[in-house]
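Breakdown of the fold
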Amino acid sequence: MKEKKYNVAVVGATGLVGRTMLSILEECNFPVDKVYALASSRSVGKCIPFKNNGLIVSDLETFDFGLAEIGLFSPGASVSAIYAPKAVDAGCVVIDNTSQFRYEDDIPLVVSEVNPHAVGNYKKRGIIANPNCSTIQMLVALKPIYDAVGIERINVCTYQAVSGTGKEAVEELTRQSTDFINAKDIKNHVYPKQIAFNVIPHIDAFQDNGYTKEEMKMVWETKKIFEDESILVNPTAVRVPVFYGHSEAVHIETKEKIDARTVRKLLEEIPRVTVLDSHEDGGYPTAVSEAEGKNPVFVGRIREDISHPRGLNMWVVSDNLRKGAALNSIQIAEILVKSYI
């Protein structure tokens, strides 16, 4: 029997995540027929590389979503708020990479390796939410431990690349680095302080409790994805002068004791996790040398916490544009077409 193919609309196609979505659609075996690249009117007519001929960008505002069965959205939350419901009304299932719908009870929030069963709940609203990039890579690494012995508490410090903010932030880091090396004045536009050769302990808006929204996303999303309101999460999110690839120092307290060797073995059995964990110089993953441009979640520095009887520490690295955004969205689409539409 001939394989069914699907028309896919990529919303926000000119952005970093949108371009990565198109790149992964080109690389993988997703059963795609036609691909529509959509963006705001100022980008209409641009040509984006895709397979042999490229794609001409169409206007999101006037696009007929009845032409597509699946919409991969990454245009910004306010835009998704307007156009995702319109796409659903036209019969298109939306997989949204923004924060717009993540915390609504009747919209599933999915990491493909963690809670794929939740995809089936898309029928309530026609929308599936993609979690925050920092949450995705952390939960992929923690899922086998959670299943084996349970997790009571997560302490996590993130070291997040500027590409998580967008193209303007990548350009700002490039410009500031060049100006710094050439002894020129450093100017800030995207971030409140210089990002080149610096770290900024501030991502997204500050909340009333003193945490930032980026940090609280990890709290809210972990509870929803694991379907466990009892799990405690204490995050600190930091922006670092790296172009692509988020890194995380993750410290957990499990419900039952588990040793580092067992954890290492559990992680080595997960298909989309790569363990790089040897006690020698360079025996650990980093954003630049391993994660950038790659699909797996990389885990290293696995060790038992010397300060807690049921504590474990690990270092988790992943490409934020791929597994942290575009790839996870497409993996959700793969589950959708395999089991639901």
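1. Examining the sheet that holds strand 12 (residues 273-275)
Strand order across the open sheet formed by six strands is 10-9-11-14-13-12, with mixed pairing between neighbours. Both outer strands of the open sheet, strand 10 (232-239) and strand 12, are each paired with one neighbouring strand and no more. If you compare each strand with its neighbour and ignore which way they point, the axes differ by 20 degrees on average. Its contacts with the sheet put helix 6 (residues 260-268) on strand 12, strand 13 (297-304) and strand 14 (311-318), and the angle it makes with strand 13 is roughly 165 degrees.

2. Side note on the nonpolar core
Core analysis: the largest hydrophobic core is formed by 54 residues, its most contacted members being F65, L142, I154, V250, V299 and M314. Residues I24, A39, V93 and L173 belong to the second largest nonpolar core, which totals 46 residues.

3. Here's the deal with the packing of helix 3 (residues 133-149) against helix 5 (residues 213-226)
Interhelical geometry of helix 3 versus helix 5 gives an angle of 40 degrees and a closest axis separation of 10 Å. Judged by the angle between their axes, helix 3 and helix 5 are oblique. Between helix 3 and helix 5 the crossing geometry is right-handed. On helix 5, the residues that touch S134, T135, M138, L139, L142, K143 and Y146 of helix 3 are E214, K217, M218, E221, T222, I225 and F226. Looking at the contact of helix 3 with helix 5, its residues break down into seven nonpolar, three polar and four charged.

4. With respect to the environment of L276
Here L276 shows up in the loop between strand 12 and helix 7 (287-291). In this structure the C-alpha to C-alpha distance between L276 and D147, which are 129 residues apart in sequence, comes to 22 Å. Discounting residues that sit within four places of it in the chain, L276 has contacts with G283, Y284, P285, E290, V299 and G300.

5. Some points on the pairing of strand 6 (residues 70-73)
Burial of strand 6 is two-sided: the residues I70 and L72 facing one way and the residues G71 and F73 facing the other way are all buried. In terms of strand pairing, strand 1 (residues 6-11) meets strand 6 through four bridges, oriented parallel. Counterpart to A9 in the pairing with strand 6 is G71. The sheet contact formed by strand 6 and strand 7 (residues 93-96) spans four bridges and is parallel. Its bridge partner being in strand 7, I70 is matched across the sheet by V93.

6. A short note on the pattern of salt bridges
Tallied over the full model, the rule gives 14 salt bridges. Among the ionic pairs, D147 bridges to K143, the shortest N-O distance being 3.2 Å. Remark: K143 and D147 occur in helix 3; sequence separation between them is four residues, near one turn of the helix. Two residues, E152 and R310, come together in a salt bridge whose shortest N-O distance is 3.5 Å. Residue E152 is found in strand 9 (residues 151-160), and its partner R310 is found in the loop between strand 13 and strand 14; the two are separated by 158 residues along the sequence. By relative accessible area, which is 36% here, E152 ends up partly exposed. Overall, the relative accessible area of 25% leaves R310 in the partly exposed class.

7. A few points about the sheet that holds strand 7
Strands sit in the order 5-2-1-6-7-8 across an open sheet of six strands; the sheet is parallel. The sheet is open, and its two borders are formed by strand 5 (58-59) and strand 8 (127-129), each paired with just one other strand. Lying on the sheet, helix 1 (residues 16-27) is in contact with strand 1, strand 2 (32-39) and strand 6; it crosses strand 1 at an angle near 155 degrees.

8. Structural notes on a nonpolar patch on the surface
A cluster of nonpolar side chains, F180, I181 and F197, forms an exposed patch at the surface whose accessible area comes to about 360 Å². Along the polypeptide, F180 turns up in helix 4 (residues 167-181).

9. Concerning the environment of A249
By the secondary structure assignment, A249 is in strand 11 (residues 246-254). The exposure class assigned to A249 is buried, which follows from its relative accessible area of 13%. Separated by 67 residues in the primary sequence, A249 and V316 have C-alpha atoms spaced 6.6 Å apart. The contact partners of A249, leaving out residues within four places of it in the chain, are N155, V156, C157, Y159, M314 and W315.

10. Concerning the side chain of Q176
With respect to the secondary-structure elements, Q176 resides in helix 4. On the basis of relative accessibility, which here comes to 1%, the residue Q176 falls in the buried class. Once residues lying within four places of it in the same chain are set aside, the contact partners of Q176 are I186, K187, N188, Q194, I195 and A196.

11. Examining the packing of helix 3 against helix 8 (residues 322-339)
Viewed as axis vectors pointing N to C, helix 3 and helix 8 meet at an angle of 85 degrees, and their least axial separation amounts to 8 Å. Classified by the angle between their axes, helix 3 and helix 8 sit roughly perpendicular to one another. Contact with helix 3, carried on its side by C133, I136 and V140, involves K323, G324 and N328 of helix 8 and no other residues of that element.

12. What to know about helix 8
At N328, helix 8 shows its maximal kink, close to 40 degrees. Within helix 8, 15 of the 18 residues are buried, which leaves it mostly tucked inside the rest of the structure.

13. Quick look at the side chain of K217
Tracing the backbone shows K217 in helix 5. For K217, a relative accessible area of 8% corresponds to the buried category. Not counting residues within four places of it along the chain, the set of residues in contact with K217 comprises S99, R102, Y103, N132, T135, D204 and T222.

Criteria and cut-off values
Residues numbered from 1 in each chain as written. Predicted model: local features only at pLDDT ≥ 70, side-chain atom pairs only at ≥ 80, totals over all residues. Heavy atoms only, no water. Pairing = 2+ DSSP bridges. Helix = DSSP H or I, 4+ residues; strand = E, 2+ residues; numbered from the N terminus. Axes fitted to C-alpha atoms, helices over the stretch in contact; angles between N-to-C directions. Contact = heavy atoms within 4.5 Å. Core = buried A, V, L, I, M, F, W, Y, C linked by side-chain atoms within 4.5 Å. Buried < 20%, exposed > 50% of the residue type's maximum accessible area, 1.4 Å probe, protein only. Parallel < 35°, antiparallel > 145°, perpendicular 65-115°, else oblique. Left-handed = near helix turned anticlockwise from the far one by under 90°. Nonpolar A, V, L, I, M, F, W, Y, C, P; charged D, E, K, R; others polar. Salt bridge = Lys/Arg side-chain N within 4 Å of Asp/Glu carboxyl O. Patch = residues over 30% accessible without salt bridge, like charges linked within 9 Å, V, L, I, M, F, W, Y side chains within 5 Å. Areas by Shrake-Rupley, 256 points an atom, 1.4 Å probe, with all protein chains shown as cover. Bend = angle between axes of the 7 residues up to and from the residue.

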